[in-house]
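# Residue-level structure breakdown
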Amino acid sequence: MISNKKILITGGAGFIGSHLVEALVGLGNEVVVLDNLLRGNKIVSDVFKKITFIKADVNDFNQVLEASIGCDMIFHFAAILGVDIVADNPMETMETEVIGTQNVVRAALQNNISKIIYASTSGVYGHNALEQTVTEEILVDPTTSYAMAKRYNEIYLASLQEEKGIDCICLRFFNVYGPRQDSRMVVPRFIEQAKAGRSITVYGSGKQTRDFTYIDDTIKATIKLASNVTGFEIFNVANELESDISTLAEKIRVFTESKSEITLINAPAKRYDYEVGRRVGSSDKLMRFTGFKPTTSLDEGIKSILEYAR
Ligand code: UDP
């Protein structure tokens with residue numbers, strides 16, 4: 001486990017970031033968060049008191065350099081994400097990925113930081129995920145600005161590790177969900193609709209599937225990988241459970257005791273390039289390296305979110 005370290009987390013005020021901050025503070029680490037607060041601050045107030053917070057953009061090199069002074073490792077989680085937002089802002093999405101990661105790398109080199117943990121995406125598999133439960137070995141097929149930039153950064157970090165010896169661990173997250181996520185993503189969006197009694201808007205046939213991975217499992221996997229793995233490695237962080245979106249909608253309706261209708265509608269046109277019919281990941285490699293893989297079922301995960309909200 002990671003303890004007594006000084007750690008920079010870019011994007012630490014976001015959904016995954018804020019849970020990571022909480023866990024790393026709980027393990028006795030000194031945490032610095034750099035975040036531009038574009039989506040607000042999701043770090044709970046008790047935890048916020050215990051960290052150093054820098055309101056800055058990851059695209060600002062001097063801020064990243066200063067934030068990382070004396071750090072042992074950097075979790076680089078700052079990104080523009082959410083299908084609708086990325087589709088509206090493809091250039092800004094790519095620039096934030098590419099320049100932000102370059103800044104993190106240059107800061108790590110100047111400040112002698114030995115490890116970078118990078119939030120990549122299961123989106124890199126694109127349509128190659130359709131036929132199979134994907135492992136890290138299959139050919140990637142990124143088709144969107146977001147996934148393309150994430151894949152570029154994986155290769156960039158592999159080069160960094162090869163040339164400069166900095167350990168780089170890339171995490172391909174599969175539809176992470178949990179408390180404090182905002183309604184850019186489908187799970188909180190459906191919960192919000194169900195609680196408000198509005199229609200639950202399932203796009204297309206609703207038969208498309210995702211591998212929903214609960215936040216607590218995601219954080220456990222992230223911290224275990226950060227402490228156990230050296231060199232350059234890519235890992236899926238997946239639940240290995242395939243759920244279709246209509247079933248997700250139905251579960252949320254039942255668990256919230258909502259009277260909402262579930263309606264099938266056409267997805268907004270800008271989503272077409274981003275939609276894949278199927279995506280489920282293998283966590284075998286994660287298990288091999290850490291002895292851990294996600295276990296929280298979708299039912300348990302949704303109930304935990306509703307519980308947290310109470
Ligand atoms: N989705 C939906 N209704 C919504 C929002 C999303 O049916 O209001 C579907 C979307 O078409 C996709 C899945 O839910 O198949 C997951 O969408 P999200 O944007 O959360 O993540 P993605 O997997 O697309 O990155």
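The model shown is predicted, which means the values in this text are computed figures rather than measured ones.

### A look at the packing of helix α7 (residues 186–196) against helix α11 (residues 298–309)
Between α7 and α11, the least distance of the axes is 12 Å, while the angle of their chain directions is 60°. Looking at the two axes, α7 sits oblique to α11. The chirality of how α7 crosses α11 is right-handed. For the pair formed by α7 and α11, the contact residues are Val-187, Ile-191 and Lys-195 on the first element and Ile-305, Leu-306 and Ala-309 on the second. Of the residues belonging to the contact of α7 with α11, the class tally is five nonpolar, no polar and one charged.

### What about the side chain of Asn-103?
With respect to the secondary-structure elements, Asn-103 resides in helix α5 (residues 90–110). There is a polar contact of 3.0 Å between the side chain of Asn-103 and the backbone oxygen of Asn-59. Aside from chain neighbours lying at most four places away, what touches Asn-103 is Val-58, Asn-59, Asp-60, Phe-61 and Val-64.

### A few points about the site of the ligand
Surveying the vicinity of the ligand reveals 15 residues, the closest of which are Arg-189, Thr-201, Tyr-203, Arg-210 and Glu-275. Interatomic distance of 3.0 Å between a side-chain N/O atom of Asn-175 and an oxygen atom of the ligand. Taking Arg-279, its side chain carries an N or O atom lying 2.9 Å from an oxygen atom of the ligand. For the ligand, the protein covers 94% of the area, taking 520 Å² as the surface of the free molecule. Of all the elements in the fold, those that place two or more residues in the shell around the ligand are α7 and β8 (200–203). Of the residues that constitute the shell around the ligand, the class distribution is seven nonpolar, three polar and five charged.

### As for the environment of Arg-39
Here Arg-39 shows up in the loop between β2 (30–35) and α2 (45–48). By relative accessible area, which is 41% here, Arg-39 ends up partly exposed. Filtering out sequence-adjacent residues up to four positions away, Arg-39 remains in contact with Ile-85, Asp-182 and Arg-184.

About the thresholds
Residues numbered from 1 in each chain as written. Predicted model: local features only at pLDDT ≥ 70, side-chain atom pairs only at ≥ 80, totals over all residues. Heavy atoms only, no water. Axes fitted to C-alpha atoms, helices over the stretch in contact; angles between N-to-C directions. Helix = DSSP H or I, 4+ residues; strand = E, 2+ residues; numbered from the N terminus. Parallel < 35°, antiparallel > 145°, perpendicular 65-115°, else oblique. Left-handed = near helix turned anticlockwise from the far one by under 90°. Contact = heavy atoms within 4.5 Å. Nonpolar A, V, L, I, M, F, W, Y, C, P; charged D, E, K, R; others polar. Polar contact = N/O pair within 3.5 Å; in protein donor to acceptor, adjacent residues only side chain to side chain. Near = heavy atom within 4 Å. Areas by Shrake-Rupley, 256 points an atom, 1.4 Å probe, with all protein chains shown as cover. Buried < 20%, exposed > 50% of the residue type's maximum accessible area, 1.4 Å probe, protein only.

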